[in-house]
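Commentary on secondary and tertiary structure
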Amino acid sequence: MRTWVIGVAFLVTSSAMAQTLALEVALGAPDALAYRGSFELDAGRAILRGSLIRGDGHQRIDAWTPAGLVTVVSAYEAATATIIVPARQAYLTVPLDTPGLADYFPDPRDHSEVAISGVEETDEIDDVEAERRTITGVTADGVAYSAEVWTSGEGAVLLVEGATATGEEFEFELEDFELAAPAKTAFDIPAGYSEAASLAALGIGF
């Protein structure tokens, strides 16, 4: 597994991420890209597994976390994340740059000194033709990072491997990759769910 991640790792580690939508856009993926798969995130202290759907400028992740099953829907243009907790029949939509949340849902648009290499290598990842690039940058809180990112020909992030300047390492792998349009309701808030007052009210700790 060779991976770096951008996205969701509740209560795992502040540099582990699984939302790859913003990274895909930064690497030039088209808006129309739509796919699904499952993922595994190894954040050192814990392993997070779940499913991932992308389409219509959104990405949905369903994952089992210390808080139970959690769904996160990221919207690129709005730069928001809607966190849905079925056990509480509740949700909350917040900006991706919300203090604390940005550690888990990093967005290259908020980083400085971002540099993305050209294609450095081609190979097959789980029988999918893939290209490897390197991305470096500095997060909004001043942490430098470097990562190798493998993408499909369509632009989906398949593998990422990287580390921060503080020595934290993490790996992400997208499995069972399949080009597919999402269901019309894939990114909707379930009927009957109530808006929570805060992330803490959802039982989510950032």
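Here, the structure is the one placed above.
First, a word on scope: everything that follows refers to the structure included in this document. Quick caveat, the model's predicted, so the values are computed rather than measured.

Calculation criteria
- Residues numbered from 1 in each chain as written.
- Predicted model: local features only at pLDDT ≥ 70, side-chain atom pairs only at ≥ 80, totals over all residues.
- Heavy atoms only, no water.
- Phe/Tyr/Trp six-rings, centres within 6.5 Å; stacked < 30°, edge-to-face > 60°.
- Helix = DSSP H or I, 4+ residues; strand = E, 2+ residues; numbered from the N terminus.
- Buried < 20%, exposed > 50% of the residue type's maximum accessible area, 1.4 Å probe, protein only.
- Lys NZ or Arg CZ within 6 Å of the ring centre and 35° of its normal.
- Patch = residues over 30% accessible without salt bridge, like charges linked within 9 Å, V, L, I, M, F, W, Y side chains within 5 Å.
- Areas by Shrake-Rupley, 256 points an atom, 1.4 Å probe, with all protein chains shown as cover.
- Salt bridge = Lys/Arg side-chain N within 4 Å of Asp/Glu carboxyl O.
- Lys, Arg positive; Asp, Glu negative; His and termini not counted.
- Charge placed at Lys NZ, Arg CZ, Asp CG, Glu CD.
- Core = buried A, V, L, I, M, F, W, Y, C linked by side-chain atoms within 4.5 Å.

Now for the packing of aromatic side chains. Scanning all chains against the criterion turns up 2 aromatic pairs. Relative to F172, the ring of F39 has its centre 5.9 Å away and its plane inclined at 25°; by these criteria the two rings are stacked. In this pair, F39 sits in strand β1 (residues 35–42) while F172 sits in strand β12 (residues 169–179), placing the two residues 133 residues apart along the sequence. Each member of the pair F39 and F172 is classed as buried. Taking the ring centre of Y76 as reference, the NZ or CZ of R109 above it sits at 3.7 Å.

Negative charge collects at one region of the surface, where E124, D126, D127, E129 and D176 lie side by side. Relative to the helices and strands, D126 is located in the loop between β8 (121–125) and β9 (128–138).

What follows concerns the nonpolar core. Of all hydrophobic cores here, the largest spans 27 residues; its most connected members are F39 and F172. Going through the elements one at a time, β1, β2 (47–55), β3 (58–65), β9, β10 (144–152), β11 (157–164) and β12 are the ones with two or more residues in this core. Judged by nonpolar contacts, the second largest core, of 13 residues, contains V70, A81, I83 and I204.

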